[in-house]
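Listed below are the residues making up each chain.
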Amino acid sequence: MQDRTYTENAEPGDEVTVAGWVHEIRDLGGIAFLILRDTTGKIQIKFEKDEMDDELVETGLDVARESVIRVSGSVEEEPRAPTGVEVTPEELEVVSEADPELPLDPSGKVDADLSTRLDNRTLDLRKDEVQAVFEIRAEILRAVREQFREFHCTEINTPKIVATGTEGGTELFPITYFGEEAFMNQSPQLFKQLIAGSNVERVFEIGPIFRAEEHNTPRHLNEATSIDFEGAFCDAHDAMDVAEGIVKAAYEAVTENCSEELETLGLEDEFEVPDGDFPRLTYEEAIERINATGELDEQLVWGDDLPTEAEKALGDDVGGHYFITEWPSEIKPFYIKDTDDDETLSTGFDLMHPRMELVSGGQREHRHEHLIEGFEQQGLDPDQFEYYTKMFKYGMPPHAGFGLGGERLIMTILGLDNIREAVLFPRDRQRLSP
Ligand code: ATP
Ligand code: AMO
């Protein structure tokens with residue numbers, strides 16, 4: 001690492017070398033200021049034209065905004081400077097000159113649309129509020145990992161190039177794998193179950209999932225980060241407890257460790273960790289409650305999936321996170337187990353934020369013969385899944401788990417309008433690069 005001082009550590013009386021980007025230059029005539037920005041903040045560099053070397057002043061004031069410079073000099077206290085200190089430069093080097101025609105203004109004075117921002121992510125990330133989102137994202141993922149470890153889970157990594165889909169045949173990205181048909185994985189579903197069936201027992205994974213979904217919405221990505229859990233000897237309610245614990249741990253970590261970032265985003269006053277237990281409504285109770293709101297043109301009937309406006313009506317009615325449990329078996333995938341008392345009801349659950357679904361999960365079908373029947377009922381060929389089903393013949397414990405959308409978690413925690421704001425380089429219908 002080159003010898004340099006981060007701007008936040010520059011103290012009056014220090015001789016420092018600071019390095020970073022030219023954020024702004026203000027030339028007031030006899031005196032001029034350059035604001036240098038690095039990952040920790042900004043610092044003012046003062047140019048007193050009559051008292052300083054002409055070449056140094058000229059180099060410093062002619063440099064285009066967003067160029068990278070390195071400045072050595074002395075730090076002094078200056079109450080009028082943005083951070084209360086300023087540097088009087090003795091040496092200034094232009095390390096990398098920027099084109100004066102910037103496609104995006106990192107100082108944020110000129111607004112840019114999302115597409116321009118995503119096309120120029122490096123410049124976009126130079127904005128404090130964009131950097132804050134990704135610092136918080138990193139903190140959320142750290143806290144999620146730690147919480148899973150407290151829940152005695154082992155982190156796993158499963159393949160992303162796979163032979164079969166799990167979440168419905170239409171949403172797969174096909175690829176060619178040495179001449180054979182293969183797919184990008186839609187979910188670590190089958191792999192996490194295979195590991196939960198060993199004596200590792202409780203596992204989690206944070207990794208990419210790929211969905212060839214056609215919709216172009218503010219809450220869908222074609223490549224998303226899935227936070228998955230699977231636990232042996234767990235039922236659906238145990239998995240819901242874990243999901244609730246993970247979501248709350250994420251909020252708590254943001255409150256405890258991201259106060260500066262929340263302030264940058266203007267969220268410091270309104271930010272709240274959800275309190276109390278998340279209510280658990282059965283699917284039947286949910287549709288009754290939705291119908292009672294009168295918000296839908298047509299009443300829902302048992303067996304319907306919940307359209308977006310139904311989720312919204314219920315979200316407004318409940319006013320916080322909540323679970324929907326005991327979904328009709330016919331609208332849940334083959335790996336979800338039915339309830340013991342009623343085979344038309346499944347153990348499948350969703351965790352909802354008032355704005356959208358965050359989690360799907362359930363107890364799994366661990367009985368080999370029932371699993372094979374489930375494939376057949378859903379029109380799938382069990383032979384294709386033999387690599388998975390055969391392990392159910394050698395001692396598969398009851399188990400349950402869930403998948404939590406990482407970007408949806410970040411988006412709902414921070415109130416972002418568009419899921420693309422929660423991922424550095426989003427993949428959507430129109431976007432394959434950068
Ligand atoms: P000084 O206090 O350095 O003698 P000044 O009041 O004589 O400054 P100029 O030197 O012409 O005036 O500065 C022009 C403007 O810049 C003034 O509005 C002043 O308040 C402001 N200014 C001067 N020095 C600083 C500084 N170190 N940081 C921020 N603003 C400054
Ligand atoms: P599901 O398909 O519901 O369940 O996905 C789980 C969670 O992942 C998130 N998610 C998405 N986020 C952004 N863009 C997408 N296109 C997208 N698709 C899904 C959502 C969703 O709730 N195997 C099961 C999970 C399980 O049972 O363990 C599964 O994948 O937040």
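Residues numbered from 1 in each chain as written. Chains lettered and ligands numbered in written order. Predicted model: local features only at pLDDT ≥ 70, side-chain atom pairs only at ≥ 80, totals over all residues. Heavy atoms only, no water.

Participant: Explanation requested: empty space enclosed by the protein in the structure shown.
Facilitator: If a probe the size of a water molecule is rolled over the atoms, the empty space left behind becomes visible. Under the criterion given, the structure shown has one cavity of 30 Å³ or more. For the largest cavity, the calculated volume is near 60 Å³. Lining the largest cavity are Val162, Thr164, Gly165, Thr166, Asn185, Gln186, Ser187, Pro188, Gln189, Leu190, Phe191 and Tyr387. Ranked by residue count, the leading element in the lining of the largest cavity is helix α5 (residues 189–196), at three residues. When its residues are assigned to classes, the lining of the largest cavity shows five nonpolar, seven polar and no charged. (1 Å grid on protein atoms, 1.4 Å probe; cavity = no way out; pocket = protein on both sides within 12 Å on 5 of 7 lines; lining within 4 Å. Points joined across faces, edges and corners; volume = space filled by probe spheres on them. Helix = DSSP H or I, 4+ residues; strand = E, 2+ residues; numbered from the N terminus. Nonpolar A, V, L, I, M, F, W, Y, C, P; charged D, E, K, R; others polar.)

Participant: In this structure, what is going on with the sheet that holds strand β1 (residues 15–27)? I would like to understand it.
Facilitator: The strands that make up a sheet pair up through hydrogen bonds in the backbone, lying either parallel or antiparallel. Taken in spatial order, the five strands line up as β1-β2-β3-β5-β4 and close into a barrel, and their pairing is mixed. Neighbour-to-neighbour, the strand axes of the sheet open up by a mean angle of 50°, direction not taken into account. Direction of pairing for β1 relative to strand β2 (residues 31–38): antiparallel, over a ladder of six bridges. Bridge assignment links Val22 to a residue of β2, and that residue is Leu36. (Pairing = 2+ DSSP bridges. Axes fitted to C-alpha atoms, helices over the stretch in contact; angles between N-to-C directions.)

Participant: Honestly, unusual backbone geometry in this entry has me stumped. Any pointers?
Facilitator: Keep in mind that most residues, glycine aside, have a negative phi and that most peptide bonds are trans. Looking along the chain, the bond that leaves Ser433 and enters Pro434 is cis, with omega of -5°. Unlike most non-glycine residues, Glu201 shows phi in positive territory, near 65°. Here Glu201 lies in the loop between α5 and β10 (202–210). One non-glycine residue, Phe233, lies in positive phi territory at about 60°. With respect to the helices and strands, Phe233 occurs in the loop between β11 (223–232) and α6 (236–257).

Participant: Explain the site of ligand 1 here, please?
Facilitator: Residues in contact with ligand 1, as listed here, are Leu28, Ile31, Phe33, Gln44, Glu78, Arg80, Ala81 and Glu86. Within the side chain of Glu78, one N or O atom sits 3.3 Å away from a nitrogen atom of ligand 1. Side-chain polar atom of Glu86 to a nitrogen atom of ligand 1: 2.8 Å apart, as the coordinates give it. Contact with the protein chains covers 49% of the free accessible surface of ligand 1, which is 570 Å². Residues of the shell around ligand 1, tallied by class, amount to four nonpolar, one polar and three charged. (Near = heavy atom within 4 Å. Polar contact = N/O pair within 3.5 Å; in protein donor to acceptor, adjacent residues only side chain to side chain. Areas by Shrake-Rupley, 256 points an atom, 1.4 Å probe, with all protein chains shown as cover.)

Participant: Would you explain the site of ligand 2 in this entry?
Facilitator: Not every one of the 22 residues close to ligand 2 is listed here, only the nearest: Gln189, Lys192, Arg211, Glu357 and Arg364. Between ligand 2 and Gln189, the relevant distance is 2.6 Å, taken from a nitrogen atom to a side-chain nitrogen or oxygen of the residue. The contact in question runs from an oxygen atom of ligand 2 to an N or O atom on the side chain of Arg211, over 2.7 Å. Protein contacts shield 93% of the accessible area of ligand 2, which totals 620 Å² for the unbound molecule. Elements with a contribution of two residues or more to the shell around ligand 2: α5, β15 (356–363) and β16 (399–405). Residue contributions to the shell around ligand 2 peak at five residues, all from β15. The class makeup of the residues in the shell around ligand 2 is seven nonpolar, seven polar and eight charged.

Participant: Would you take a moment to explain the packing of α6 against helix α12 (residues 406–414) for this structure?
Facilitator: When two helices pack together, their arrangement is given by the angle between the helix axes and by the axis-to-axis distance. With their axes 11 Å apart at the nearest point, α6 and α12 run at an angle of 50° to one another. In terms of axis orientation, α6 runs oblique to α12. Where α6 crosses over α12, the handedness of that crossing is right-handed. Of the residues in α12, those touching α6 at Val247, Ala250, Tyr251 and Val254 are Leu409, Thr412 and Ile413. Of the residues belonging to the contact of α6 with α12, the class tally is six nonpolar, one polar and no charged. (Parallel < 35°, antiparallel > 145°, perpendicular 65-115°, else oblique. Left-handed = near helix turned anticlockwise from the far one by under 90°. Contact = heavy atoms within 4.5 Å.)

Participant: What's the story with the sheet that holds β10 in this structure? I'm lost.
Facilitator: Within the open sheet, the eight strands sit side by side as β6-β10-β11-β16-β15-β14-β13-β12. Their pairing is mixed. At either end of the open sheet lies a strand with only one pairing partner, and these are β6 (154–155) and β12 (280–282). Against the sheet, α5 contacts β10, β11 and β16, and its axis sits at roughly 25° relative to β11. Set on the sheet, α6 makes contact with β11, β12, β13 (322–325), β14 (349–353), β15 and β16; between it and β16 the angle comes to about 30°.

Participant: I'm lost on the confidence of the model for the protein chain in this one. Help?
Facilitator: Atom-level detail of predicted coordinates should not be read off regions where pLDDT is low. Taken as a whole, the protein chain shows an average pLDDT of 96; of its residues, 99% reach a score of 70 or greater. Interface predicted TM-score (ipTM) for the complex: 0.85; the corresponding pTM is 0.92. (pLDDT = per-residue confidence, 0-100.)

Participant: Teacher, can you tell me more about the domain arrangement of the protein chain here?
Facilitator: When its domains are assigned, the protein chain resolves into domain 1 (14–96) and domain 2 (124–279 + 320–421). One C-alpha centre belongs to domain 1, the other to domain 2; they are set 48 Å apart. (Domains from an automatic or database assignment.)

Participant: Whenever I open this one, the pairing of β15 confuses me. Can you help?
Facilitator: Successive side chains on a regular strand alternate, one facing one side of the sheet and the next facing the other. Most of β15 is tucked away, with six of its eight residues classed as buried. Pairing geometry for β14 and β15, over five bridges, is antiparallel. Note on β15: the bridge partner recorded for His353 is Met356. Where β14 hands over to β15, the hairpin turn is made up of two residues, counted between the paired strands. Bridge count between β15 and β16: five bridges; the pairing is antiparallel. Bridged to Val359 within β16 is Leu404. (Buried < 20%, exposed > 50% of the residue type's maximum accessible area, 1.4 Å probe, protein only.)

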